[in-house]
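One-letter residues, chain by chain:
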Amino acid sequence: MHTSTRSQILLWWDCTHRDFPWRETRDPWSILVSEFMLQQTQAKRVIPKYETFLQHFPTATACSQTSAAKVIELWSGLGYNRRALYLHATAQQIATTHDGELPSTLQELLLLPGVGEYTARAILCFAFEKDVGVVDVNVKRVLSRFVGAYLLPGEAQRIANANVPNNEGWRWNQAMIELGATICTSRNPKCSQCPAKQECSWVKNAALPDPSRKPKTPLMKSKPFEGSDRQGRGKFVEKLRERDIPNHEIAEVLGWPNDQVRCERVIARLIQDGLVVKNEAGDFSLPK
């Protein structure tokens, strides 16, 4: 990517970026919380949850000293409750292994529960301001279209690393994520408004298939949420935020009164995932 294009992207960011509370801090714990919450969840929905969570648990140590159930309760509305368990486990590991402070190396971050390649690099960049490429689904799409070829994760990471301007990692990665989220979107991209359009391979060859989509792989329709196991799981955990559930109520809570086999399968998986526990009386509750 030419220096002039990078300058245009940074200028575009300076003039148009959205304001989010996690962009106003460099506190590693706050950044970690935001990254866990932002996984598969819209930023606008995350803001109030993020602020409430940090009011309760301003540090990893504070979070580590509460129960998993409390973290799951505060997670209400964000979905994918296993992320709450991972966040609690990560807080405990930070408190016990790192004296309450997040580590600042890629290798150490990757050892934390629920922290993968993207999240680790996001913390390095957005908390510690290191010049590393941060590649989420939005950035990968931007880079694929820019070079005009579908990129495997390793290729996208290599290109991202190579294009980070010296001492501008924080600003650059924020700009690239913003570009993918608001301009170079999956559907109906606004190419005419893109600060990288002069150098973008897909803009120059607009008649070609979208390079960000895996070749010969049709766009898969997502399975409906209504009536799914995931919906049932969510209902069950949401009710457990209010009270324990006796065994005879599980079918009613899950919404499948005539499918006991399915109910038992979903409950067994919730227990296996650590989101639900069964006590001696046969009632179900959140983990303590």
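Our subject in this report is the structure included herewith. (Residues numbered from 1 in each chain as written. Predicted model: local features only at pLDDT ≥ 70, side-chain atom pairs only at ≥ 80, totals over all residues. Heavy atoms only, no water.)

### A short note on the overall build of the protein chain
Secondary structure assignment for the protein chain yields 15 helices and 2 strands. Each of the three principal axes of the protein chain carries a C-alpha extent, and together these read 70 × 45 × 30 Å. Relative to its full complement of 288 residues, the protein chain shows a buried share of 48%. Of all intrachain contacts in the protein chain linking residues separated by at least 6 positions in sequence, the fraction that spans at least 24 positions is 63%. Taken together, the 37 basic and 31 acidic charged side chains of the protein chain have centroids lying 9 Å from each other. (Helix = DSSP H or I, 4+ residues; strand = E, 2+ residues; numbered from the N terminus. Buried < 20%, exposed > 50% of the residue type's maximum accessible area, 1.4 Å probe, protein only. Contact = heavy atoms within 4.5 Å. Lys, Arg positive; Asp, Glu negative; His and termini not counted. Charge placed at Lys NZ, Arg CZ, Asp CG, Glu CD.)

### Side note on helix α2 (residues 28-38)
Most of α2 sits inside the fold, with 10 of its 11 residues counted as buried. Where α2 is buried, its residues touch α3 (43-56), α4 (60-64), α6 (82-97) and α8 (117-126). Note on α2: the residue one or two positions beyond its end, Gln-40, has a positive phi of about 60°.

### What to know about the nonpolar core
Grouped together as the largest cluster of nonpolar side chains are 83 residues, with contacts concentrated most on Trp-29, Leu-32, Phe-53 and Phe-236. For Phe-236, the contacting residues outside a window of four places in its chain are Ile-245, Ile-250, Val-253, Leu-254, Ile-267, Leu-270, Val-276 and Phe-284. (Core = buried A, V, L, I, M, F, W, Y, C linked by side-chain atoms within 4.5 Å.)

### A short note on empty space enclosed by the protein
The full count for this structure, using the stated rule, is 1 cavity of 30 Å³ or more. Together, 14 residues line the largest cavity, and Arg-145, Cys-184, Cys-194, Cys-200 and Val-203 are the ones closest to its centre. At the level of secondary structure, the elements contributing two or more residues to the lining of the largest cavity comprise α9 (137-147) and α12 (201-204). Of the residues assigned to the lining of the largest cavity, the class counts are 12 nonpolar, no polar and 2 charged. (1 Å grid on protein atoms, 1.4 Å probe; cavity = no way out; pocket = protein on both sides within 12 Å on 5 of 7 lines; lining within 4 Å. Points joined across faces, edges and corners; volume = space filled by probe spheres on them. Nonpolar A, V, L, I, M, F, W, Y, C, P; charged D, E, K, R; others polar.)

### Overview of the pattern of salt bridges
Under the criterion given, the structure shown has 16 salt bridges. Glu-168 serves as the salt-bridge partner of Arg-171, at 2.9 Å between the closest nitrogen and oxygen. Of the charged contacts, one joins Asp-210 and Arg-213 as a salt bridge, the two residues approaching to 4.0 Å between their closest N and O atoms. Accessibility expressed as a relative area gives 14% for Asp-210, which makes it buried. (Salt bridge = Lys/Arg side-chain N within 4 Å of Asp/Glu carboxyl O.)

### With respect to the layout of surface pockets
Size it by volume and the largest pocket reaches roughly 810 Å³. Surrounding the largest pocket, 22 residues form its lining, Leu-38, Thr-41, Ala-43, Asp-136 and Asn-138 being those nearest its centre. At the level of secondary structure, the elements contributing two or more residues to the lining of the largest pocket comprise α2, α3, α8, α9 and α11 (169-182). Considered class by class, the residues forming the lining of the largest pocket number 10 nonpolar, 7 polar and 5 charged. Taken as a whole, the second largest pocket holds about 480 Å³ of empty space. Leu-78, Gly-79, Tyr-80, Asn-81 and Arg-230 are the residues nearest the centre of the second largest pocket, which is lined by 23 residues in total. No other element matches helix α13 (residues 229-240), which puts 5 residues into the lining of the second largest pocket. A per-class count over the lining of the second largest pocket returns 8 nonpolar, 8 polar and 7 charged.

### Points about the packing of α9 against α11
The interhelical angle for the contact between α9 and α11, taken along N-to-C directions, is 85°, at an axis separation of 8 Å. On the basis of their axis angle, the class for α9 and α11 is roughly perpendicular. Here Asn-138, Val-139, Arg-141, Val-142 and Leu-143 of α9 come into contact with α11, specifically with Met-176, Ile-177, Leu-179, Gly-180 and Ala-181. Looking at side-chain class alone, the contact of α9 with α11 contains 7 nonpolar, 2 polar and 1 charged residues. (Axes fitted to C-alpha atoms, helices over the stretch in contact; angles between N-to-C directions. Parallel < 35°, antiparallel > 145°, perpendicular 65-115°, else oblique.)

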